[in-house]
Amino acid sequence: MTEAIQIPRKIANQLLHNAQLAPEQEVCGLVGAISGVPTRCYPITNIAELPEQRFLLDPAQQIAAFSAMRGHGESLFAIYHSHPHAPALPSATDLELAAYPDALYLIISLDTKGILEMRGFYLHGHSSREVSLVLSEA
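Residues numbered from 1 in each chain as written. Predicted model: local features only at pLDDT ≥ 70, side-chain atom pairs only at ≥ 80, totals over all residues. Heavy atoms only, no water.

A. Unusual backbone geometry, seen in detail. Positive phi is not limited to glycine here, since Ser35 has a value of about 55 degrees. Note on placement: Ser35 falls in the loop between β2 (28-34) and β3 (37-44). (Helix = DSSP H or I, 4+ residues; strand = E, 2+ residues; numbered from the N terminus.)

B. Inspection of the side chain of Ser109 at higher detail. Turning to its location among the elements, Ser109 is positioned in strand β5 (residues 104-109). Only 2.7 Å separates the side chain of Ser109 from the backbone oxygen of Ala86, close enough to count as a polar contact. Excluding anything up to four places from it in sequence, Ser109 contacts His83, Ala86, Pro87, Ala88, Leu116 and Glu117. (Polar contact = N/O pair within 3.5 Å; in protein donor to acceptor, adjacent residues only side chain to side chain. Contact = heavy atoms within 4.5 Å.)

C. Quick peek at the nonpolar core. With 22 residues, the main nonpolar core has Leu15, Phe77, Leu104 and Leu106 as its most contacted residues. At the level of elements, β1 (4-8), α1 (9-21), β2, β4 (75-83), β5 and β6 (117-124) are the ones that each hand at least two residues to this core. The element that contributes the greatest number of residues to this core is α1, accounting for 5 residues. (Core = buried A, V, L, I, M, F, W, Y, C linked by side-chain atoms within 4.5 Å. Buried < 20%, exposed > 50% of the residue type's maximum accessible area, 1.4 Å probe, protein only.)

D. Quick look at the packing of aromatic side chains. For the structure shown, the criterion picks out 1 aromatic pair. Both rings, one in Phe66 and one in Tyr100, keep their centres 6.1 Å apart while their planes meet at 40 degrees; by these two values the pair is tilted. Of this pair, Phe66 sits in helix α2 (residues 59-71) while Tyr100 is found in the loop between α3 (92-97) and β5, placing the two residues 34 residues apart along the sequence. The exposure class assigned to Tyr100 is partly exposed, which follows from its relative accessible area of 32%. (Phe/Tyr/Trp six-rings, centres within 6.5 Å; stacked < 30°, edge-to-face > 60°.)

Encoded structure:
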């Protein structure tokens, strides 16, 4: 049986909206949670050399986001990024660069003919484990 993770609809909508703001490049950021419940999105600038093909969180903004999370009593829940022209599946680069094995990786695909897709994975080593995302009203 696949593990199910609850994502508040408000957070899911913010992530999807952020992806749509820059449809030709990968958008990225963090999601903070309190007691395992996602509470806030922290969009972070993608500073990768080829932002249309990969993402790299701006280090200063990442540090600021972690500091803000601590200030709000949050912990890291997820790292998110979009795939403008690919499915919502971890790429070889995503697997290679995954640095937080305990964090959920949310991948948003814009390559879906008008319907946005968001899927969640735990990335460890060079493997991934998908989890079901269930929208909640919380």
